[in-house]
Amino acid sequence: MADNAPIGVFDSGVGGLSVLREIRLRLPRESLLYLADSGHVPYGEKSPEFIRERCRLIAAFLLGQGAKALVLACNTATAAGIAELRERYPQIPLVGMEPAVKPAARATRSGVVGVLATTGTLKSARFAALLDRFASDVRVITQPCPGLVECIEAGDLSSPKTRALLATFVQPLLDQGCDTLILGCTHYPFIKPLLAEMVPPAVTLVDTGAAVARQLETILMERNQLAGSEPGTRFWSSGEPHRLAQVLPLLWGEDATVSYYPD
């Protein structure tokens with residue numbers, strides 16, 4: 001029997017749409033719920049305690065909408081909140097994000113890996129554990145990117161302002177011999193085209209959206225919870241819904257109605 005309940009996905013803002021796209025590509029028959037916590041974006045500069053509270057509230061809301069699984073489409077939210085959610089909802093499949101340290105360490109030829117991420121992700125114990133486990137033989141250079149999420153939230157993916165800001169983050173990594181760049185925030189895949197213009201062709205860009213979609217598929221398959229229906233997608237925002245609606249054609253590929261999430 002197919003399980004036609006939806007999959008709940010959330011992020012601090014529009015970044016998780018990059019993961020939602022990968023899930024739709026991998027699992028085209030699944031119905032999806034997406035909540036952008038845009039009233040509190042970005043998470044990267046918030047405290048772990050604040051982020052855990054947001055995770056609790058949003059998870060409860062999405063489960064109340066009938067979600068059969070939850071995807072924390074945010075590296076910072078995963079680092080701060082997924083352990084608590086797993087304790088709270090042991091029966092619910094939970095899939096989180098983490099910077100792609102393992103594949104980047106395998107891909108590098110120079111032995112130097114750069115990480116573009118939020119401050120919250122880079123300071124987390126989860127990220128430190130990834131480095132200890134997978135990056136002991138390579139040099140990892142981390143670069144927080146304040147202000148970049150806000151540009152992407154506004155749908156500004158290639159303006160001179162965004163280009164200049166991104167260059168200040170990327171160039172120091174290139175100057176130190178980085179040949180592999182980890183996109184450690186779900187917002188950043190949306191600026192891959194801009195990044196590709198800034199870095200040499202030999203530099204590999206690594207993100208984890210497709211891997212998360214594969215993991216989700218595996219979990220649902222093991223639990224016999226894959227859907228067999230005509231899919232649909234519903235959107236909420238804790239900020240101004242019209243702002244998310246404005247960028248959906250650019251970041252999601254189609255128009256959609258966005259409801260207000262009253263946190």
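Numbers given for residues are sequential positions, taken from 1 along each chain in its written order. The model is predicted, so local features are restricted to residues of pLDDT at least 70 and side-chain atom pairs to those at 80 or more, both for listing and for counting; the totals for chains, interfaces and linings are taken over all residues. To obtain the side-chain values, all non-hydrogen atoms of the structure were included, while hydrogens and water were left out.

1. A look at the packing of aromatic side chains
Line of reasoning, step 1. Each aromatic pair joins two rings of Phe, Tyr and Trp (for Trp, the six-membered one) with centres within 6.5 Å, and gets the label stacked for planes under 30 degrees apart, edge-to-face for over 60, and tilted for any other angle. Enumeration over the complete set of coordinates arrives at 4 aromatic pairs.
Line of reasoning, step 2. Look at Phe61 and Trp236: their rings are 5.2 Å apart centre to centre, the planes differ by 85°, and that puts the pair in the edge-to-face class. Remark: Trp236 occurs in strand E9 (residues 233-237) and Phe61 occurs in helix H2 (residues 48-64); sequence separation between them is 175 residues. Neither Phe61 nor Trp236 differs from the other in exposure class; each is buried.
Line of reasoning, step 3. Members of the aromatic cluster, each reached through a chain of ring pairs, are Tyr34, Phe235 and Trp252.
Line of reasoning, step 4. Distance and angle both matter: a charge sits over a ring if NZ of Lys or CZ of Arg is within 6 Å of the ring centre and within 35 degrees of the ring normal. The residue whose ring lies beneath Arg24 is Trp252, and the NZ or CZ to ring-centre distance is 3.7 Å. Secondary structure follows DSSP: runs of H or I at least 4 residues long count as helices, runs of E at least 2 residues long count as strands, and numbering of each begins at the N terminus. Only protein chains enter the accessibility calculation, which uses a 1.4 Å probe; a residue whose area is less than 20% of its type maximum is buried, one above 50% is exposed, and one in between is partly exposed.

2. Considering the packing of H2 against helix H3 (residues 75-88)
Line of reasoning, step 1. It is at 9 Å that the axes of H2 and H3 come closest, and there the two elements cross at 55°. Relative to H3, the element H2 lies oblique. Judged by the sense of rotation from one axis to the other, the crossing of H2 with H3 is right-handed. Of the residues in H3, those in contact with Pro48, Ile51, Arg52, Cys55, Arg56 and Ala59 of H2 are Thr76, Ala77, Ala80, Gly81, Glu84, Leu85 and Arg88. Only C-alpha atoms enter the line fits that serve as axes; for helices the fit covers just the stretch in contact. Angles between N-to-C directions range over 0 to 180 degrees. Our angle categories are set so that under 35 degrees counts as roughly parallel, over 145 as roughly antiparallel, 65 to 115 as roughly perpendicular, and the remainder as oblique. Left-handed describes a crossing whose near helix is turned anticlockwise from the far helix by less than a right angle; the clockwise case is right-handed. In what follows, a contact means two residues having at least one pair of non-hydrogen atoms within 4.5 Å.

3. Observations concerning the nonpolar core
Line of reasoning, step 1. We define the nonpolar core as a collection of buried residues of types Ala, Val, Leu, Ile, Met, Phe, Trp, Tyr and Cys that are connected through side-chain atoms lying within 4.5 Å of one another. Of all hydrophobic cores here, the largest spans 53 residues; its most connected members are Leu17, Val71 and Leu116.
Line of reasoning, step 2. Counting residues in hydrophobic clusters, the runner-up holds 24 residues, among them Ile58, Phe61, Leu63 and Ile92.

4. Quick look at the sheet that holds strand E3 (residues 69-72)
Line of reasoning, step 1. The pairing criterion is simple: DSSP has to find at least two bridges between the two strands. Taken together, the 6 strands give an open sheet; going across it, the order is E4-E3-E1-E2-E9-E10, and neighbouring strands pair in parallel fashion. One side of each edge strand has no neighbouring strand; the edge strands of this open sheet are strand E4 (94-95) and strand E10 (258-260).
Line of reasoning, step 2. As defined by bridge partners, E9 adjoins E10 across 3 bridges and the pair is classed as parallel. In the sheet register, Phe235 faces E10, and the bridge partner there is Val258.
Line of reasoning, step 3. The sheet contacts of H3 involve E3 and E4, and relative to E3 the element is tilted by about 155°.

5. Details of the sheet that holds strand E6 (residues 139-144)
Line of reasoning, step 1. What the 4 strands build is an open sheet, ordered E6-E5-E7-E8; its pairing is parallel. Of all strands in the sheet, those bounded by a partner on one side alone are E6 and strand E8 (204-206). When the angles between neighbouring strand axes are averaged without regard to direction, this sheet yields 20°.
Line of reasoning, step 2. In this sheet, E8 lies alongside strand E7 (residues 180-183) in parallel orientation, the contact comprising 3 bridges. Note that in E8 the partner of Ile182 across the bridge is Val206.
Line of reasoning, step 3. Helix-sheet contacts for helix H8 (residues 160-175) involve strand E5 (112-117), E6 and E7, and the interaxial angle to E5 is about 165°.

6. Comments concerning the pattern of salt bridges
Line of reasoning, step 1. Any carboxyl oxygen of Asp or Glu within 4 Å of a side-chain nitrogen of Lys or Arg constitutes a salt bridge here. The final tally for this structure, using the stated rule, is 13 salt bridges.
Line of reasoning, step 2. Close ionic contact of Glu217 with Arg26 constitutes a salt bridge, the shortest N to O distance being 2.7 Å. Residue Glu217 is found in helix H10 (residues 209-222), and its partner Arg26 is found in helix H1 (residues 17-26); the two are separated by 191 residues along the sequence.
Line of reasoning, step 3. We classify Glu217 as buried; its relative accessible area is 17%.
Line of reasoning, step 4. Between Glu84 and Arg56 there is a salt bridge, with the nearest N and O atoms lying 2.6 Å from each other. Within this pair, whereas Glu84 is found in helix H3, its partner Arg56 is found in helix H2, the two being separated by 28 residues in sequence.
Line of reasoning, step 5. A residue is classified by how much of its surface remains accessible, and Glu84, at 22% relative accessible area, is partly exposed.

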